[in-house]
Amino acid sequence: MMALRRNRRGDGADERASWSDGGATAPVSAHPIGAAAGEDASARIVPAAPAAPAMPAAEPAPQAAPGATAALAGIPHANVPGSTDPLGPADLVDAEALADMRAFNDLKAKRKKQRKRKIIIGVASTVAVLAVAGGAFAWYTADQAAKALQNMAPQTGFVEQGTFVETVSASGNLQPVASVSATPEVDGIVGEVLVAEGDAVEEGQTLFTVVNDELDKAVNQAAQGIEEAKNGVAQAQNAVNDAYHAKSAGQQAAATAQAQAQAAAAAAKEAGGAAVESFAGEQASFDESSADSAIRSAELALSNANLALQNAQSAYDEAVARAAKRTVTASIAGSVVAVNIEPGKALGATASAATSPVQIADLSQMTVSINVNEIDILKISADQTAEVTFTAAPDLTLPATVVSIATTSAGSGDPSGGAMYGGMGGAVTYAVKLLIAEPDPRLKPGMTAKATITTTTIDNALMVPISAVQSDGAGGSFVMVLTDPETQEMDMREVEVVASDGLTSVVKGQVKAGDEVVVSGGAGGAPGDMGMEAGGMAAADSAGSVMVG
C-alpha cells in the first residue's frame with residue numbers, strides 16, 4: 001500500500017512530499033495529488049513550499065496534530081490503486097507544513113522588529129553621544145574664553161578706611177618682677193623648715209634655721225673676751241687713779257714738809273742759825289714730774305684696756321650676728337615658689353642640696369622677656385602697649401607695657417671678640433622686657449608667653465594693598481584707579497605712603513575710600529610692569545587717564 005509522507009533533508013532543506021511503496025519512492029511532482037489518469041503531470045504539479053531556514057534550537061517549530069499525517073496517509077489518489085474519489089485543491093494542504101510556515105513567518109517578523117529596534121537605539125545613542133560631546137566642547141571653549149578674559153583683566157582691590165595698627169610679635173618666658181634666693185651665710189645642718197611651696201611670706205619672716213655648735217662656742221668665747229677686757233679696763237683705771245693719788249699725796253706731803261720747814265726755819269732764825277734754814281729747804285722739795293709721768297703711763301694703759309674692750313665687744317657682736325644667721329628670713333614679701341631643703345640635711349660648702357634652698361618671688365607683677373630682631377627693634381620704644389597670650393592658658397590675654405630695651409644684642413659677650421655688636425654672625429636680636437601689672441593667679445614663672453607690641457596706630461587711615469602702590473622713579477608714588485570696569489579705563493593718582501606693615505600701606509593723596517585700585521597687571525604681567533606701563537601712558541595723556549584693552 002502506498003502512503004504520502006514528508007521527507008526532511010535537515011534544517012533549512014526543501015520539504016517535499018513523496019510516494020512510498022515498499023521502498024520505492026516517487027516524487028510528488030511526478031505524481032501530483034488529484035491528477036487524472038493519463039493527464040499531463042506537468043500541468044498539475046503543485047509547487048513545493050519554499051525552503052525554510054534552520055530553526056533555532058530554542059524555538060522549535062510547532063508540531064502538527066498527531067492525527068494529521070495519519071489522515072493524509074489514507075487520502076485516496078487517482079493514480080493510487082484503490083482510490084475512489086480524487087482530491088480537490090482544498091485537500092492538498094499539509095497541516096504540519098502549514099504550521100512550520102506560520103512559525104517561520106512569525107520568526108522573521110520578530111527578528112525584523114528586533115533589528116529595527118537595535119537600529120533605533122543605535123541611532124539614538126549616536127545622537128546622544130554627539131550631543132554630549134558637542135556640549136562638553138562648547139563648555140570647554142567657553143571656560144577657556146572666560147579664563148583668557150580673566151587673565152587679560154587686571155586684578156584689583158579697594159581703598160579701605162579704618163584704623164591701621166602695626167605690631168611686632170615675639171615669644172619669651174614669664175618671670176616674676178622680683179625674685180630672691182634665701183640662702184644661709186653659714187654652714188651647718190638644716191634645723192627647722194617653717195614654710196612650704198606656695199606660702200605667702202612677709203619681709204623678715206623666718207623661713208628655716210641652721211644648727212651649728214661652733215657658732216655658739218664663738219659667741220661664748222667672745223663673751224669671755226669682753227669680760228677680760230672689762231677687767232683690764234678696770235685695772236688700768238685703778239692704776240690711773242693711783243698715779244693721781246700718788247701725785248696728790250706727794251704734793252700734799254711736800255706742802256706739809258714745806259710748811260714745817262718754814263716753821264722750823266722761822267724758829268731757827270729766831271735762834272740765829274743759818275744751817276737750820278737750809279736744811280728745812282731741802283726737806284720741803286718734791287719730784288712732781290715723776291708723778292706726772294706715772295699718771296700718763298697709767299692713762300695709756302687705761303686707753304689700751306678700753307680699746308681691748310671695744311675689740312672684745314666687736315668680736316662678741318660679730319659672733320652673735322654670725323650665730324643669728326642660722327635663722328634664715330625672707331628679704332622681700334612674696335610667695336615661696338621653691339623649697340629644696342629638708343631637716344637634717346647639710347648646707348654650705350659640704351651641702352648636697354640645691355643652690356637655692358628656698359626661692360621667693362614677688363608675683364604681684366610679672367615680666368616677659370622677648371628677643372626682637374634688628375629689623376623691628378627700631379620700631380620699639382618704652383611705654384608702648386602690648387598684648388600677651390600664654391600657651392598654658394589660650395583663653396587668657398593680658399595687657400603689658402614695654403619697660404626696657406637692651407642696648408646691645410642678645411647673647412653678646414666680650415667686646416674684644418666682636419660678639420657684643422653681632423660680629424659673630426647669625427640673626428641679631430635685642431632683649432625687650434614688658435611688665436604685666438596685674439597678672440592672673442594661674443600664671444607661673446617660666447611659662448611661655450607671646451607678646452604683640454603695638455608700634456603704630458593711625459585712625460581714619462586710607463589703606464590699600466601694598467602691591468597697589470607704584471614708584472614713579474622720581475621719589476614719588478602713585479596708584480592706578482580703575483574708573484570704568486567695562487572699558488578698563490584707569491586714572492593715575494599720586495599718593496604718599498604714610499605707613500606700611502608689609503601687606504597694607506597707609507596712603508594719603510588723590511584717593512578716597514571705595515576707589516578700586518589695580519594691584520596686579522593683566523595677561524599674566526607683573527604688578528610692577530603694569531603700574532609702570534600704565535604710569536608712563538598716563539603721564540603721556542594730558543587728561544591723566546589711560547585705556548587698557
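Check the entry above for the structure.
Residues numbered from 1 in each chain as written. Predicted model: local features only at pLDDT ≥ 70, side-chain atom pairs only at ≥ 80, totals over all residues. Heavy atoms only, no water.

**Student:** What exactly am I supposed to notice about the nonpolar core here?
**Tutor:** Nonpolar side chains tend to gather and get buried jointly when the protein is soluble and globular. Counting residues in each nonpolar core, the largest one holds 26 residues, and the members touching the most others are I370, I380, V388, F390, V432, L434 and I436. Secondary-structure elements contributing two or more residues to this core are β5 (160-182), β12 (358-373), β13 (385-390), β14 (397-405), β15 (429-436) and β16 (448-465). Non-local contacts of I380, meaning those with residues more than four positions away in its chain, are made with V168, V372, V402, I405, V432, I453 and T455. Counting residues in hydrophobic clusters, the runner-up holds 14 residues, among them A330, V336, I341 and V358. (Core = buried A, V, L, I, M, F, W, Y, C linked by side-chain atoms within 4.5 Å. Buried < 20%, exposed > 50% of the residue type's maximum accessible area, 1.4 Å probe, protein only. Helix = DSSP H or I, 4+ residues; strand = E, 2+ residues; numbered from the N terminus. Contact = heavy atoms within 4.5 Å.)

**Student:** I'm lost on the environment of A324 in this one. Help?
**Tutor:** Its location among the elements puts A324 in helix α5 (residues 288-324). In sequence terms A324 and D216 are 108 residues apart; their C-alpha atoms lie 9.9 Å from each other.

**Student:** Help me out: how do you make sense of helix α3 (residues 213-271) in this one?
**Tutor:** In an α-helix, one turn spans 3.6 residues; hence positions three or four apart end up facing the same way. For α3, built from 59 residues, the straight-helix expectation of 87 Å at 1.5 Å per residue is met to within 8% by its first-to-last C-alpha distance of 86 Å. With a side-chain oxygen lying 3.1 Å from the backbone nitrogen of E214, the N-terminal cap of α3 falls on N212. (Expected span 1.5 Å × (residues − 1). Polar contact = N/O pair within 3.5 Å; in protein donor to acceptor, adjacent residues only side chain to side chain.)

**Student:** Before we go on, may I ask you to explain the pairing of strand β10 (residues 334-339) in this structure?
**Tutor:** Across a regular strand the side chains alternate sides, sitting on one face of the sheet and then on the other. By the bridge criterion, two bridges tie strand β7 (residues 200-201) to β10 in an arrangement that is antiparallel. The residue of β10 that forms the bridge with A200 is S335. Examined bridge by bridge, β10 and β12 share four bridges and lie antiparallel to one another. Bridge pairing in β12 links S335 to A361. (Pairing = 2+ DSSP bridges.)

**Student:** So what exactly am I meant to see when it comes to the pairing of β15 here?
**Tutor:** Bridge count for β12 against β15 is eight bridges, and the pairing is antiparallel. When the sheet's bridge partners are listed, M366 is paired in β15 with I436. In terms of strand pairing, β14 meets β15 through four bridges, oriented antiparallel. Residue pairing for β15: I405 is matched across the bridge by V432.

**Student:** Would you take a moment to explain the sheet that holds strand β9 (residues 327-329) for this structure?
**Tutor:** Neighbouring strands of a sheet are bound in pairs by backbone hydrogen bonds; such pairs are parallel or else antiparallel. Ordered in space as β9-β8-β6-β11, the four strands form an open sheet in which the pairing is antiparallel. With partners counted over all chains shown, the strands left at the sheet margins are β9 and β11 (346-347), one partner each. Relative to β11, strand β6 (residues 188-193) runs antiparallel, the two sharing two bridges. Across the sheet, the residue bridging to G188 is L347, located in β11.

**Student:** Before we go on, may I ask you to explain the environment of P445 in this structure?
**Tutor:** With respect to the helices and strands, P445 occurs in the loop between β15 and β16. Remark: the alpha-carbon pair of P445 and M366, spanning 79 residues in sequence, is separated by 8.3 Å. When residues no more than four places from it in sequence are discounted, the contact partners of P445 are L174, P176, L363 and M366.

**Student:** I tried to follow the pattern of salt bridges on my own but got confused; where do I start?
**Tutor:** When the charged atoms of two side chains lie near each other, side chains of opposite charge can form a pair. If you walk through the whole model with that rule in mind, you get 12 salt bridges. In this structure, E166 and K379 form a salt bridge, with 3.0 Å as the shortest nitrogen-oxygen distance. Remark: K379 occurs in the loop between β12 and β13 and E166 occurs in strand β5; sequence separation between them is 213 residues. On the basis of relative accessible area, E166 is assigned to the buried category, the value being 7%. Taking relative accessible area as the criterion, K379 reaches 34% and is therefore assigned partly exposed. Across the pair E496 and K508 runs a salt bridge, and its minimum N-O distance is 4.0 Å. Note that E496 is positioned in strand β19 (residues 489-500) and K508 in strand β20 (residues 504-509), a separation of 12 residues in sequence. Members of the salt-bridge network, linked through shared partners, are D491, R493, K512 and D515. (Salt bridge = Lys/Arg side-chain N within 4 Å of Asp/Glu carboxyl O.)

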